[in-house]
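Topology and contacts: notes
One letter stands for each residue in the lines below.
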2 protein chains.
Amino acid sequence: MTDATPARRGRQLPTADELRIWRDFIETTAALGSRLESRLQSDSSLSTGDYAVLLALSEAQGQAMRSSELAAHIGWERSRLSHHLGRMERRGLIRRQECATVPRGAEVLLTTAGAEAFKGATVPHLRAIRELFVDALTPDQIVAAGEIATALRARLDALRAE
Amino acid sequence: MTDATPARRGRQLPTADELRIWRDFIETTAALGSRLESRLQSDSSLSTGDYAVLLALSEAQGQAMRSSELAAHIGWERSRLSHHLGRMERRGLIRRQECATVPRGAEVLLTTAGAEAFKGATVPHLRAIRELFVDALTPDQIVAAGEIATALRARLDALRAE
DNA sequence: ACCTACCGGTTGACGTGTCAATGATGCTAA
DNA sequence: TTAGCATCATTGACACGTCAACCGGTAGGT
């Protein structure tokens, strides 16, 4: 897949066309993310981070999860999660308590306020995804977007492993 | 382009497939952005914000620009730019002075340290873009990525205008 | 002349993210 | 037993972004 055409071989830097597409792509996806963020914020007073945490907890057994389990599930560093949980706890969306089974473990619990906030956020959030992403693209483009994401992810993973 | 197929008409929420692609897409592009950020950071001790500012100033007449002109050029809010320039000024990358021509205007100047930092950052940064983006995709996928970005941008602009 | 309204830019408060350091606790090997 | 060592989680310092308030000055309308 890499360097498939002769013209690409041996070149070190992107062409002007590639660079333009890169800029369009990275800036537009960033703008898309922040638009989603602000939609979620005004619809529900939640950030996408809050949403990710609440989603994971909602689907968990007993609406509770060990902290590092949660971090792994949503792909965050523990430090980030810890800061975020602190803010969410202040707002009453979750609670933390000592974990009975694992020493030194922290159990994160969904509060009723958290569950309700999540419930109220879901439909507007999904609707926003549809408006801003699904409806913006043709079915072919959606498939292509999935393939592009997969290819980029593979590259990121390959370079991380190395 | 929107609601092109009968099956899509009238539905409010994304399907499970669309949602999966959405998540892959938005998370992967976000990861790509932060990987680029950290590459730039370790190669050059610059953030992508620093890079954008330095790039604009490098290309400007006299390597200087009015503050709000600069903000418009790179598409930032004035407040964001002001904060960022404060940090960059502390590090000696730029300088600010009263603008001679426009009363109440601030002129942003590139320092020699800033120019050198930018010069040293360019090649590694472009190389990283090639490795992480261009080389990860087939030529067709790059074209598709450009078209997807264009379509998403059009949607964002349309909804912002409304 | 005066009041108002905008304009360019800064500031403060706060949410968010990363990195490195710190505690607290168990596991393992000399 | 004890000296490391990894693991789980938190913390502090700092960079970055947004929002709203603010400040100083210019321009228009009366």
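See the structure printed just above.
Residues numbered from 1 in each chain as written. Chains lettered and ligands numbered in written order. Predicted model: local features only at pLDDT ≥ 70, side-chain atom pairs only at ≥ 80, totals over all residues. Heavy atoms only, no water.

Our next topic: the relation of the copies chain A and chain B. Superposing chain A onto chain B takes a rotation of 180 degrees combined with a translation of 0.1 Å along the rotation axis, leaving an RMSD of 0.1 Å. A rotation of that kind, with that shift, is consistent with a two-fold axis. By residue overlap, the copies meet face to face through one surface: 100% of the interface positions of chain A are interface positions in chain B. (Least-squares fit on C-alpha atoms with pLDDT ≥ 70 in both. Contact = heavy atoms within 4.5 Å.)

Attention now goes to unusual backbone geometry. Backbone geometry places Gln63(A), a non-glycine residue, at a positive phi of 50 degrees. Assessed through its relative accessible area of 34%, Gln63(A) is described here as partly exposed. (Buried < 20%, exposed > 50% of the residue type's maximum accessible area, 1.4 Å probe, protein only.)

Moving on, we get to the sheet that holds strand E2 (residues 94–98) of chain B. All names here are of chain B. Strand order in the open sheet formed by 3 strands is E1-E3-E2, and the pairing between neighbours is antiparallel. Strands with a single pairing partner mark the edges of an open sheet, and in this sheet they are strand E1 (64–66) and E2. Put simply, the sheet's adjacent strands are angled 25 degrees from each other on average, direction ignored. Note that E1 and strand E3 (residues 106–110) share 3 bridges and pair antiparallel. (Pairing = 2+ DSSP bridges. Helix = DSSP H or I, 4+ residues; strand = E, 2+ residues; numbered from the N terminus. Axes fitted to C-alpha atoms, helices over the stretch in contact; angles between N-to-C directions.)

Here we take up the interface of chain A and chain B. Each partner contributes to the interface: chain A provides 55 residues, whereas chain B provides 55 residues. Between chain A and chain B, roughly 5,700 Å² of surface is buried when both sides are summed, and carbon and sulfur atoms account for 69% of that area. Inspection of the region where chain A meets chain B yields 0 salt bridges. If you look at where chain A meets chain B, you find 6 residue pairs in polar contact (both at pLDDT 80 or more). Within the residue set of the side of chain A that touches chain B, elements represented by two or more residues are helix H1 (16–44), helix H5 (112–132) and helix H6 (139–161) of chain A. When grouped by side-chain class, the residues that make up the side of chain A that touches chain B number 30 nonpolar, 9 polar and 16 charged. (Buried area = accessible area lost by both parts, 1.4 Å probe. Salt bridge = Lys/Arg side-chain N within 4 Å of Asp/Glu carboxyl O. Polar contact = N/O pair within 3.5 Å; in protein donor to acceptor, adjacent residues only side chain to side chain. Nonpolar A, V, L, I, M, F, W, Y, C, P; charged D, E, K, R; others polar.)

Looking at DNA strand C, there are 21 residues lining it, with Ser79(A), Arg87(A), Ser68(B), His83(B) and Ala106(B) nearest. The sugar and phosphate moieties of DNA strand C supply 57% of its atoms located within 4 Å of the protein. In this structure, Arg87(A) approaches DNA strand C through a side-chain N or O atom, which is 2.8 Å from a phosphate oxygen. Taking Ser68(B), its side chain carries an N or O atom lying 2.7 Å from a phosphate oxygen of DNA strand C. When contributions to the surface near DNA strand C are tallied by element, the ones reaching two or more residues are helix H4 (78–90) of chain A together with helix H3 (67–74) and helix H4 (78–90) of chain B. Sorting elements by how many residues they give to the surface near DNA strand C places H4(A) first, with 6 residues. Among the residues making up the surface near DNA strand C, the classes are represented as 2 nonpolar, 10 polar and 9 charged. (Near = heavy atom within 4 Å.)

A word on the packing of H1(A) against helix H1 (residues 16–44) of chain B. Between H1(A) and H1(B), the shortest axis-to-axis distance is 10 Å and the interhelical angle comes to 115 degrees. Relative to H1(B), the crossing made by H1(A) is left-handed. Every residue of H1(B) that contacts H1(A) at Trp22(A), Phe25(A), Ile26(A), Thr29(A), Leu32(A), Gly33(A) and Leu36(A) is listed here: Trp22(B), Phe25(B), Ile26(B), Thr29(B), Leu32(B), Gly33(B) and Leu36(B). Per-class residue counts for the contact of H1(A) with H1(B) are 10 nonpolar, 4 polar and no charged. (Left-handed = near helix turned anticlockwise from the far one by under 90°.)

Another aspect to go through is the protein's contact with DNA strand D. The immediate surroundings of DNA strand D are formed by 21 residues, with Ser68(A), His83(A), Ala106(A), Ser79(B) and Arg80(B) found nearest. The side chain of Arg96(A) places a nitrogen or oxygen atom 3.0 Å from a phosphate oxygen of DNA strand D. Contact distances for DNA strand D include 3.3 Å between a base oxygen and a side-chain N or O atom of His83(B). For the surface near DNA strand D, the secondary-structure elements that each account for two or more residues are helix H3 (67–74) and H4 of chain A together with H4 of chain B. No other element matches H4(B), which puts 6 residues into the surface near DNA strand D. Here the surface near DNA strand D is composed, by residue class, of 2 nonpolar, 10 polar and 9 charged.

Our focus in this paragraph is H1(A). Between its first and last C-alpha, H1(A) extends 42 Å over 29 residues, near the 42 Å set by a 1.5 Å rise per residue. Every buried residue of H1(A) is accounted for by Glu18(A), Ile21(A), Trp22(A), Phe25(A), Ile26(A), Thr28(A), Thr29(A), Leu32(A), Arg35(A), Leu36(A), Leu40(A) and Ser44(A). Buried residues in H1(A) make contact with helix H2 (48–59), H5 and H6 of chain A together with H1, helix H5 (112–132) and helix H6 (139–161) of chain B. After H1(A) finishes, the residue Ser45(A) shows a positive phi value of roughly 55 degrees. (Expected span 1.5 Å × (residues − 1).)

Residues and elements named next belong to chain A. Of all 5 residues in strand E3 (residues 106–110), 4 are buried, a share of seventy percent or more. Of the pairings in the sheet, the one linking strand E2 (residues 94–98) to E3 comprises 5 bridges and is antiparallel in character. Of the residues in E3, the one forming a bridge with Gln97 is Glu107.

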